[in-house]
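Structural characterization, general
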Amino acid sequence: TQRRFVDDAGHELRTPITVIRGHLELLEEDPEERQKTLALVMDELERMQRMVDDLLTLAKAEQPDFLALDTVDLDRLTREVHAKAEALAPREWRLERVGRGLVVGDRQRLTQALMQLAQNAAQHTDEGSMIGLGSALGNGEARLWVRDTGPGIPVEQQHRVFERFARAGARRSGGAGIGLSVVKAIADAHHGRVELDSRPSAGATFAIVIPTDQPVAEVEIK
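Before going into details, it helps to say that this report is about the structure given with it. Everything numeric here is computed off the predicted structure, so don't read it as measured data.

Counting residues in hydrophobic clusters, the biggest one holds 43 residues, and the most contacted among them are W93, L117, I131, L133, V146, F206 and I208. For this core, the secondary structure elements donating two or more residues are α2 (31-60), α3 (74-85), β3 (102-105), α4 (107-123), β4 (130-138), β5 (141-148), α5 (179-189) and β7 (204-211). Residue contributions to this core peak at 8 residues, all from α4.

The 5 strands are arranged β2-β4-β5-β7-β6 in an open sheet whose pairing can be described as mixed. Among the strands making up the open sheet, the edge pair consists of β2 (92-97) and β6 (193-198). For this sheet, the mean angle separating the axes of adjacent strands, direction not counted, is 15°. Summarising the sheet, β6 and β7 pair through 6 bridges and their orientation is antiparallel. Following the sheet pairing, L196 is matched in β7 by F206.

In this section: α5. Of all the 11 residues making up α5, 8 are buried; the element is thus mostly covered by neighbouring parts of the structure. Among the residues making up α5, those that are buried are G179, L180, S181, V182, V183, A185, I186 and A187. Elements in contact with the buried residues of α5: α2, α4, β6 and β7. A positive backbone phi angle near 60° is found at H191, which sits one or two residues after α5.

Okay, α3 next. Across its 12 residues, α3 extends 16 Å between first and last C-alpha, which sits within 8% of the 16 Å expected from 1.5 Å per residue. Inspection of α3 places L74, D75, L77, T78, V81, H82 and A85 among the buried residues, and these make up the whole buried set. Considering only its buried residues, α3 is in contact with β1 (70-73), β2, α4, β4 and β5. N-capping of α3 is provided by D73, with a side-chain oxygen placed 3.0 Å from the backbone N of D75.

Our next topic: the packing of aromatic side chains. Here the structure, examined in full by the defined rule, presents 1 aromatic pair. Centre to centre, the rings of F162 and F206 are 5.9 Å apart; their planes meet at 85°, and the pair counts as edge-to-face. Taken together, the residues F162 in the loop between β5 and α5 and F206 in strand β7 connect sequence positions 44 residues apart.

As a further point, take the packing of α4 against α5. At a minimum axis separation of 9 Å, α4 and α5 run at an interaxial angle of 150°. Between α4 and α5, the crossing angle belongs to the class labelled roughly antiparallel. Every pair of crossing elements has a handedness; the one defined by α4 and α5 is left-handed. The segment α4 lies against α5, with R109, L110, Q112, A113, Q116, L117 and N120 engaging G179, L180, V182, V183 and I186. Across the contact of α4 with α5, the residue classes tally to 7 nonpolar, 4 polar and 1 charged.

Quick look at the pattern of salt bridges now. On inspection of all chains with the given rule, the structure shows 13 salt bridges. For the salt bridge of R147 with E96, the shortest nitrogen-to-oxygen distance reads 2.2 Å. Placement of R147 in strand β5 and of E96 in strand β2 is noted, with a sequence separation of 51 residues between them. You can call R147 partly exposed: its relative accessible area is 29%. Several salt bridges converge on common partners, so that one network encompasses E141, R143, R193 and E195.

Thresholds applied
Sequence order as written defines residue numbering, which begins from 1 separately in each chain. For a predicted model such as this one, the threshold for reporting local features is a pLDDT of at least 70, and the threshold for listing and counting side-chain atom pairs is 80 or more; totals across whole chains, interfaces and linings nevertheless cover every residue. With hydrogens and water set aside, each side-chain value is computed from the structure's full complement of heavy atoms. The nonpolar core is taken to be a set of buried Ala, Val, Leu, Ile, Met, Phe, Trp, Tyr and Cys residues, with the residues joined through side-chain atoms within 4.5 Å. Each residue is placed in one exposure class: buried if its accessible area under a 1.4 Å probe, protein chains only, is under 20% of its type's maximum, exposed if it is over 50%, and partly exposed if it falls in between. Only DSSP runs of H or I covering at least 4 residues are called helices, and only runs of E covering at least 2 are called strands; the numbering of each starts at the N terminus. Criterion used throughout: strands pair if DSSP finds at least two bridges between them. Interaxial angle, 0 to 180 degrees, is taken between N-to-C directions of lines fitted to C-alpha atoms, where a helix line uses only the stretch in contact. We call two residues in contact when some of their heavy atoms are within 4.5 Å. Residue count minus one, scaled by 1.5 Å, sets the expected span of a helix. Each polar contact in these results corresponds to two N or O atoms within 3.5 Å; when the atoms are within protein, one needs to be able to donate a hydrogen and the other to accept it, and residues that are neighboring in sequence are counted only if both atoms are side-chain atoms. Two aromatic rings from Phe, Tyr or Trp, using only the six-membered ring of Trp, form a pair when their centres are within 6.5 Å; if the ring planes differ by under 30 degrees the pair is stacked, by over 60 it is edge-to-face, and anything between is tilted. In what follows, roughly perpendicular refers to angles from 65 to 115 degrees, roughly parallel to angles under 35, roughly antiparallel to angles over 145, and oblique to any angle outside these ranges. Two helices that cross are described as forming a left-handed crossing if the nearer one is turned anticlockwise from the farther one by less than a right angle, and a right-handed crossing if clockwise. Each residue gets one of three labels, nonpolar for Ala, Val, Leu, Ile, Met, Phe, Trp, Tyr, Cys and Pro, charged for Asp, Glu, Lys and Arg, and polar for the others, Gly among them. What makes a salt bridge here is a side-chain nitrogen of Lys or Arg within 4 Å of a carboxyl oxygen of Asp or Glu, nothing more.

Structure, rendered in structure tokens:
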């Protein structure tokens, strides 16, 4: 599994490197063409940076200090993520529901996971489309979700979307199939899970569910 992961990571990183090298080798003197080439190169470099950051997150997820646990205000977290998501893309970002209460978790990691889901939703919807965000607290669990109105995910592909470097037509995030793996790693680290509800042509709802009934004394609060 580790060998396949390294092979896949090498393949994904090799592609933007090849694109960058090829365009730089053909860099023209015309200022307009140079500007187009530089813009393309910068876009590929940013994609590589996101990929490397995701790979580092996945590597850190195996370490005991991956989470900095503290008490998190679910209401505040939900509203902060909604405000940040509005800057991602011109969509109708709708705050559907806000859970009220405190949970034990890593606020930054949970924000990272939700922003990844929001970015994923933006990538699979058109300008002006509705994307809903929300949270709820009850039955010993905190649920935070992102709901899009995109094309949805075929049932036969849903079990693969959280795999690292998911292929074969499965819905990808971040252009490299790593983003949803990061979301799952963060949920798993919280002893939680990620749920997916989707049908073709009916959008997709991704929810991070974390338990709230674990005693605070049993977790390390930083």
